[in-house]
Amino acid sequence: MSEHPSETTGEGDAEEDIFELEDVSQPLKRKRTLRSKVWNHFSKIGEETARCNHCKKIFVASSAKGISHLKNHIEKPTCPILRNKDGNVPKSATPKVAVASFKFDQERSRMDFATMIIKHNYAFNMAEHEFFEIFCSNLQPFKLVSRNTCRADVLNVYEIEKSKLYSFLDELSCKMTLTTDIWTSDHQNFGYICLTVHFITDNWELKKKILAFIKIEYPRDGETLFRFIKDLI
């Protein structure tokens with residue numbers, strides 16, 4: 001290569017000199033220094049966005065937008081990771097829980113369990129299912145009962161509800177109508193009868209209540225039905 005830049009000794013050198021001249025002609029771009037402490041928690045992604053190093057959320061981080069929203073994310077903090085670390089939960093995010101005194105009642109829980117058996121037509125031995133017992137044992141202090149106790153509790157619920165129904169019917173001033181329905185089960189070949197009372201309340205609402213649901217034997221003639229209804233009334 002010659003001492004003078006304008007002189008060349010070959011095509012390869014000429015191309016190299018031209019490249020150097022083009023490179024020199026470009027203005028130098030200084031990389032912007034990120035001085036704010038907020039960048040200890042964020043990483044720049046290009047010129048317009050930044051990512052939180054903790055929760056990985058992406059934010060706009062252009063010069064026009066500023067970094068005040070990034071500071072708020074860290075200092076308040078709205079970042080869920082920092083919030084959990086510091087235990088600093090914003091007031092708006094604090095759930096309002098009604099504080100009330102709780103007193104466990106084993107007998108009440110037994111009645112609730114018996115009512116569940118009635119409502120959903122579960123078997124009495126559900127109280128003795130292995131994993132249901134394990135589940136309830138983790139809900140201390142409730143203690144499960146046997147199937148026989150469960151059956152007795154169901155009958156107790158029945159007596160309580162029957163007493164409530166009697167009191168309710170005694171307070172009505174309207175006349176009542178009784179209807180019966182009889183059928184035979186397909187797989188058992190048993191006969192059943194249901195006695196229902198229909199009435200209109202003082203608020204003019206048409207209601208009905210089941211008074212009895214029992215198994216009946218043959219014969220199922222009119223005299224048998226009359227005796228059945230009379231005994232119930």
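Procedures and definitions
Residues numbered from 1 in each chain as written. Predicted model: local features only at pLDDT ≥ 70, side-chain atom pairs only at ≥ 80, totals over all residues. Heavy atoms only, no water. Helix = DSSP H or I, 4+ residues; strand = E, 2+ residues; numbered from the N terminus. Areas by Shrake-Rupley, 256 points an atom, 1.4 Å probe, with all protein chains shown as cover. Pairing = 2+ DSSP bridges. Core = buried A, V, L, I, M, F, W, Y, C linked by side-chain atoms within 4.5 Å. Buried < 20%, exposed > 50% of the residue type's maximum accessible area, 1.4 Å probe, protein only. Contact = heavy atoms within 4.5 Å. Salt bridge = Lys/Arg side-chain N within 4 Å of Asp/Glu carboxyl O. Axes fitted to C-alpha atoms, helices over the stretch in contact; angles between N-to-C directions. Parallel < 35°, antiparallel > 145°, perpendicular 65-115°, else oblique. Nonpolar A, V, L, I, M, F, W, Y, C, P; charged D, E, K, R; others polar. Phe/Tyr/Trp six-rings, centres within 6.5 Å; stacked < 30°, edge-to-face > 60°. Lys NZ or Arg CZ within 6 Å of the ring centre and 35° of its normal.

**Student:** For this particular structure, what's the right way to read the overall build of the chain?
**Tutor:** Of regular secondary structure, the chain possesses 7 helices and 6 strands. Reading the secondary structure of the chain in the N-to-C direction produces α-β-β-β-α-α-α-α-α-β-β-β-α. Put simply, the chain shows about 18800 Å² of open surface, and 53% of that area lies on carbon and sulfur atoms.

**Student:** I tried to follow the pairing of strand S4 (residues 177-184) on my own but got confused; where do I start?
**Tutor:** It is a general feature of regular strands that their side chains alternate between the two faces of the sheet. Relative to strand S5 (residues 191-200), S4 runs antiparallel, the two being bridged by 8 bridges. Looking at S5, one finds that Thr 184 is bridged to Gly 191. Connecting S4 to the next strand, S5, in antiparallel fashion are 6 residues, including Asn 189 with a positive phi near 60 degrees.

**Student:** Explain the nonpolar core here, please?
**Tutor:** Ranked by internal contacts, the top residues of the largest apolar core, which has 14 residues, are Phe 113, Ile 117, Phe 132, Cys 136, Leu 144 and Cys 150. Listed by contribution, the elements that provide at least two residues to this core are helix H4 (106-120), helix H5 (130-137) and helix H6 (147-170). Looking at this core, the element that brings in the most residues is H4, giving 4 residues. Setting aside anything within four residues of it in sequence, one finds Ile 117 in contact with Tyr 122, Ala 123, Phe 124, Met 126, Cys 150 and Val 154. Listed in part, the 11 residues of the second largest apolar core include Phe 42, Ala 50, Cys 52 and Leu 70.

**Student:** Explanation requested: the pattern of salt bridges in the structure shown.
**Tutor:** Across all of its chains, the model carries 6 salt bridges by this definition. With a shortest N-O distance of 3.3 Å, Arg 108 and Asp 112 are connected by a salt bridge. Taken together, the residues span about one helical turn, with Arg 108 and Asp 112 both in helix H4 at a distance of 4 residues. On the accessibility criterion, Asp 112 (41% relative accessible area) is partly exposed. Salt-bridge contacts for Asp 153 lead to Arg 110; the nearest nitrogen and oxygen are separated by 2.7 Å. Of the two residues, Asp 153 sits in helix H6 while Arg 110 sits in helix H4, which places them 43 residues apart along the sequence. For Asp 153, a relative accessible area of 5% puts it in the buried group. Within the structure, one salt-bridge network assembled from shared partners comprises Glu 107, Arg 110 and Asp 153.

**Student:** Mind showing me how you'd approach the packing of H4 against H6 here?
**Tutor:** Each packed pair of helices is defined by two parameters, the angle between the axes and the distance between the axes. It is at 9 Å that the axes of H4 and H6 come closest, and there the two elements cross at 85 degrees. By the angle class used here, H4 and H6 are roughly perpendicular. Facing H4, whose interface residues are Arg 110, Met 111, Phe 113, Ala 114, Thr 115, Ile 117 and Ile 118, H6 presents Thr 149, Cys 150, Asp 153, Val 154, Asn 156 and Val 157. Residue composition of the contact of H4 with H6, by class: 8 nonpolar, 3 polar and 2 charged.

**Student:** Explain the side chain of Thr 196 here, please?
**Tutor:** Locating Thr 196 in the fold gives a position in strand S5. Not counting the four nearest positions on each side in its chain, Thr 196 is found in contact with Thr 177, Leu 178, Thr 179, Lys 208, Lys 209, Ile 210 and Leu 211.

**Student:** Looking at this structure, I do not really get the environment of Glu 133. What am I missing?
**Tutor:** The topology assignment puts Glu 133 in helix H5. Glu 133 sits in the partly exposed class, given a relative accessible area of 43%. Considered as a pair, Glu 133 and Lys 143 are 10 residues apart in the sequence and their alpha carbons are 8.9 Å apart.

**Student:** Where do I start with unusual backbone geometry in this structure?
**Tutor:** Most peptide bonds adopt trans geometry, and most residues besides glycine take a negative phi value. Phi at Lys 56 is positive, roughly 65 degrees, even though this residue is not glycine. Mapped onto the elements of the fold, Lys 56 is located in the loop between strand S2 (49-52) and strand S3 (58-60).

**Student:** Looking at this structure, I do not really get the packing of aromatic side chains. What am I missing?
**Tutor:** What characterises a pair of aromatic rings is the spacing of the ring centres plus the angle enclosed by the ring planes. Scanning the entire structure with this criterion turns up 8 aromatic pairs. A centroid spacing of 6.2 Å and a plane angle of 25 degrees characterise the contact between Tyr 192 and Phe 213, whose relative ring orientation is stacked. Of this pair, Tyr 192 sits in strand S5 while Phe 213 sits in strand S6 (residues 206-216); the two residues are 21 residues apart in sequence, bridging distant segments of the chain. The class for Phe 213 is partly exposed, based on a relative accessible area of 48%. Put simply, the rings of Trp 39, Phe 42 and Phe 59 pair up and form one aromatic cluster. One residue, Lys 209, lies across the ring of Phe 168, its end atom 5.9 Å from the ring centre.

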